[in-house]
Amino acid sequence: MGVTSKLGDLGIVTVRLEDAVNWARTRAMWPMLFGLACCAIEMMSTQASVYDLSRFGMELMRPSPRQSDLMIVAGRVSRKMAPVLRQLYDQMPDPKWVLSMGDCASCGGVYNNYAIVQGVDEIVPVDVYVAGCPPRPEQLIHGIITLHERVKQERITDWA
Amino acid sequence: MLDPVEALTSAFPQAMEDTYEFRGEITVIVAAENIVEVCRHCRDTKGLEYNFLSDVAGVDYYPQEPRFAVSYHLYSMVHNRSLRLKVFLPGDEPELPSVTEVFPAANWSEREIYDLFGVVFTGHPDLRRILMPDGWDGHPLRKDYPLGYETVLFSFNFDEIDKHKPYARE
């Protein structure tokens, strides 16, 4: 964070607004759990105490789209689930991000058939793809950190 | 304890089309219009008492004719034995009576067969799709249904597939 000056004992820190906002956004990016298949097990493992997603300000996996910023799509999305996923995405307040976890969510994986959406990017815009079948918790954390780095690069002129 | 083949043959001589046995599993092929009475007879007759419908399954024998088959797997909790009733249906507008009035458990199984094979069960209380979305076109487990809808992606054909791939917007 670009601390430019500190005034005496008042504890005032001056910083660029976009840095402060991006810092807030990355440090409390609540994920919306969208566990659909075996990737969800790894996502729970990432949340649990060994890997501890709370270190990155993700204490809460919100089951409600209204309180979440990041949608982690973990698992294969069936065609019947697709409208549900899109509706939940539309219900999330801006700013919002989508992380596609695992091969099935990213490109359909081994399920190249009528029932599975060939990549969740057909339904919602995806920011980060995490490869793996399923990805290990380290890979998911790496994907989240990658997303954080991207969010930190956002500029005030790009905000809607 | 009655022999199911003998009991059914004597009760429904006109409805029995064939029977065979494979490794102790008895299969009885029944005419489609008699399936409800045969099921009821199997359930209620003393000595048969096949009182549990464990499964209803659809089969597509494409390109043979009759093309479709529906198997009813009955189980007798009283006598600890199983029986399979099988109905063959034509490939053109397959239709047979629903057995939900005899075995209510057939409700969802028949919906599944209707959904995936397109077999219509007349008299079913709520014949809707159960697995696929409501507006789905076609019946996916039919042998002539296309398997996948996206060509397998390699590095040499990536651009061609990517050109037609739908991408979501905000």
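So what's going on with the overall build of chain B? Which residues, and what values?
In terms of helices and strands, chain B carries four helices and seven strands. For chain B, the α and β elements follow one another from N to C terminus as α-β-β-α-β-β-β-β-α-β-α. Here the C-alpha radius of gyration of chain B, 20 Å, is well above what a compact globule of 170 residues would show, namely 15 Å. Across its three principal directions, the C-alpha atoms of chain B cover 65 × 30 × 30 Å. A buried classification covers 44% of the 170 residues belonging to chain B. Considering only contacts within chain B whose residues lie at least 6 apart along the sequence, 51% involve residues at least 24 apart. Approximately 9700 Å² of chain B is accessible, and the part contributed by carbon and sulfur atoms is 53%. Treating the 16 positive side-chain charges of chain B as one cloud and the 29 negative ones as another, the clouds have centres 4 Å apart.

Quick one: what's the story with the overall build of chain A, residue by residue and with numbers?
A tally of regular secondary structure across chain A gives five helices and six strands. Listing each helix as α and each strand as β along chain A from the N terminus yields β-β-α-β-α-β-α-β-α-β-α. With the C-alpha coordinates of chain A rotated into their principal frame, the extents come out at 65 × 35 × 25 Å. Within chain A, the fraction of its 160 residues that count as buried is 46%. Roughly 8100 Å² of accessible area belongs to chain A as shown, and the carbon and sulfur atoms make up 58% of that amount.

Give a detailed account of the pairing of strand S5 (residues 81-89) of chain B, specifying residues and quantitative values.
Consecutive side chains along a regular strand alternate between the two faces of the sheet. All names here are of chain B. Here strand S2 (residues 25-30) runs beside S5; their pairing, made up of four bridges, is parallel. The residue bridging Thr27 from the neighbouring strand is Arg84, located in S5. Here nine bridges tie strand S4 (residues 68-76) to S5, and the two strands are oriented antiparallel to one another. From the neighbouring strand, Tyr72 faces S5, where its bridge partner is Leu85. Connecting S4 to the next strand, S5, in antiparallel fashion are four residues, including Asn80 with a positive phi near 55 degrees.

Requested: an account of the state of the cysteines, with residues and values cited.
Put plainly, two cysteines are in a disulfide when a covalent bond ties their sulfur atoms together. Counted under the stated rule, the structure contains zero disulfides over all chains. As a non-bridged cysteine, Cys104 of chain A has Cys133 of chain A as the owner of its nearest cysteine sulfur, 5.4 Å distant.

With reference to specific residues and values, describe the interface of chain B and chain A.
Opposite the 20 residues of chain B that make contact, chain A presents 16 residues. Taken over both partners, the interface formed by chain B and chain A buries close to 1500 Å², and the fraction arising from carbon and sulfur atoms is 52%. Scanning the region where chain B abuts chain A turns up zero salt bridges. Of the residues in the side of chain B that touches chain A, the class split is 14 nonpolar, two polar and four charged.

Please set out the confidence of the model for chain B residue by residue, giving values where relevant.
In the predicted model, chain B carries a mean pLDDT of 88, and 99% of its residues have values of at least 70. Model confidence for chain B, summarised as mean pLDDT per element, is weakest for helix H4 (residues 158-164) of chain B at 82 and strongest for S4 of chain B at 93.

Run through the side chain of Arg67 of chain B, naming residues and quoting values.
Assignment of secondary structure puts Arg67 of chain B in the loop between strand S3 (52-60) and S4. The contact partners of Arg67 of chain B, leaving out residues within four places of it in the chain, are Val59, Asp60, Tyr61, Tyr62, Leu89, Pro90, Gly91, Arg142, Lys143 and Asp144 of chain B.

Would you mind going over the pattern of salt bridges in detail, with residue names and values included?
Scanning the model with the defined rule gives 17 salt bridges over all chains in all. Notably, a salt bridge pairs Glu149 of chain A with Lys152 of chain A, separated by 3.6 Å at the nearest N-O pair. Taken together, the residues Glu149 of chain A and Lys152 of chain A, both in helix H5 (residues 137-152) and three residues apart, mark about one turn of the helix. Under the relative-accessibility criterion, Glu149 of chain A is labelled partly exposed at 40%. In this structure, Arg40 of chain B engages Glu101 of chain B in a salt bridge whose closest nitrogen and oxygen atoms are separated by 2.9 Å. Pair noted here: Arg40 of chain B is in helix H2 (residues 35-44) and Glu101 of chain B is in the loop between strand S6 (95-97) and helix H3 (106-117), with a separation of 61 residues, a long-range link. According to the relative accessible area criterion, Arg40 of chain B is partly exposed, its value standing at 31%. Residues participating in the shared-partner salt-bridge network are Arg16, Glu18, Asp19 and Arg155 of chain A.

Cut-off values and rules
- Residues numbered from 1 in each chain as written.
- Chains lettered and ligands numbered in written order.
- Predicted model: local features only at pLDDT ≥ 70, side-chain atom pairs only at ≥ 80, totals over all residues.
- Heavy atoms only, no water.
- Helix = DSSP H or I, 4+ residues; strand = E, 2+ residues; numbered from the N terminus.
- Rg over C-alpha atoms; globule rule 2.2 N^0.38 Å.
- Buried < 20%, exposed > 50% of the residue type's maximum accessible area, 1.4 Å probe, protein only.
- Contact = heavy atoms within 4.5 Å.
- Areas by Shrake-Rupley, 256 points an atom, 1.4 Å probe, with all protein chains shown as cover.
- Lys, Arg positive; Asp, Glu negative; His and termini not counted.
- Charge placed at Lys NZ, Arg CZ, Asp CG, Glu CD.
- Pairing = 2+ DSSP bridges.
- Disulfide = S-S within 2.5 Å.
- Buried area = accessible area lost by both parts, 1.4 Å probe.
- Salt bridge = Lys/Arg side-chain N within 4 Å of Asp/Glu carboxyl O.
- Nonpolar A, V, L, I, M, F, W, Y, C, P; charged D, E, K, R; others polar.
- pLDDT = per-residue confidence, 0-100.

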